[in-house]
Amino acid sequence: MGQRILEILRTYPIISATIAGCTVLGAVLGLYLLPEDWALARRIAGGALGGAGCGLIVTAPRIIG
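Residues numbered from 1 in each chain as written. Predicted model: local features only at pLDDT ≥ 70, side-chain atom pairs only at ≥ 80, totals over all residues. Heavy atoms only, no water.

**Student:** Can you walk me through the overall build of the protein chain in this structure?
**Tutor:** The helix and strand tally for the protein chain stands at three helices and zero strands. Per-residue burial over the protein chain gives 17% buried out of 65 residues. For the protein chain, the computed accessible surface area is about 5000 Å², with 72% contributed by carbon and sulfur atoms. (Helix = DSSP H or I, 4+ residues; strand = E, 2+ residues; numbered from the N terminus. Buried < 20%, exposed > 50% of the residue type's maximum accessible area, 1.4 Å probe, protein only. Areas by Shrake-Rupley, 256 points an atom, 1.4 Å probe, with all protein chains shown as cover.)

Encoded structure:
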């Protein structure tokens with residue numbers, strides 16, 4: 001499993017970096033923009049999930065076609 005992930009990262013470095021960057025940016029923005037009454041872990045996880053989703057939407061045309 002680990003070898004496969006490394007192979008994908010080497011084959012598609014820009015797509016991988018875009019998804020990873022969106023995930024990290026989403027986690028940071030989630031920390032600051034999501035409601036304060038949410039737990040810290042929930043805000044970070046929510047932002048990361050949203051960021052990863054945005055990264056997949058942005059890169060989907062290159063992944064599929």
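Let's pick the thread back up.
**Student:** What am I meant to see in helix H2 (residues 13-33) here?
**Tutor:** An α-helical segment advances 3.6 residues per turn. Residues three or four places apart therefore align on the same side. The terminal C-alpha atoms of H2, which comprises 21 residues, lie 29 Å apart, in line with the 30 Å expected from a rise of 1.5 Å per residue. Inspection of H2 places Ile15, Ser16, Gly26, Ala27 and Gly30 among the buried residues, and these make up the whole buried set. The arc enclosing the buried residues of H2, seen along the axis, measures out at 110 degrees, which places them on a common side. In H2, those exposed residues whose orientation departs by more than 90 degrees from the buried face are Ile14, Val24, Leu25, Tyr32 and Leu33. Residues of H2 that are buried in the fold lie against helix H1 (2-11) and helix H3 (40-64). (Expected span 1.5 Å × (residues − 1). Arc of directions from axis to C-beta. Contact = heavy atoms within 4.5 Å.)

**Student:** Explanation requested: the packing of aromatic side chains in the structure shown.
**Tutor:** The way to describe two aromatic rings as a pair is by their centre distance and the angle between their planes. Counted under the stated rule, the structure contains zero aromatic pairs. Over the face of the ring belonging to Trp38 we find Arg42, whose NZ or CZ atom lies 4.4 Å from the ring centre. (Phe/Tyr/Trp six-rings, centres within 6.5 Å; stacked < 30°, edge-to-face > 60°. Lys NZ or Arg CZ within 6 Å of the ring centre and 35° of its normal.)

**Student:** So what exactly am I meant to see when it comes to the environment of Leu31 here?
**Tutor:** Here Leu31 lies in helix H2. Along the primary structure Leu31 and Ala48 are separated by 17 residues, whereas in three dimensions their C-alpha atoms are 9.5 Å apart.

**Student:** Hey, could you run me through the pattern of salt bridges in this one?
**Tutor:** As a working rule, side chains carrying opposite charge can pair if their charged atoms are close by. The full count for this structure, using the stated rule, is one salt bridge. Note that Glu36 and Arg43 form a salt bridge whose closest N and O atoms lie 3.5 Å from each other. (Salt bridge = Lys/Arg side-chain N within 4 Å of Asp/Glu carboxyl O.)

By themselves, these figures tell us nothing about what the structure is for.
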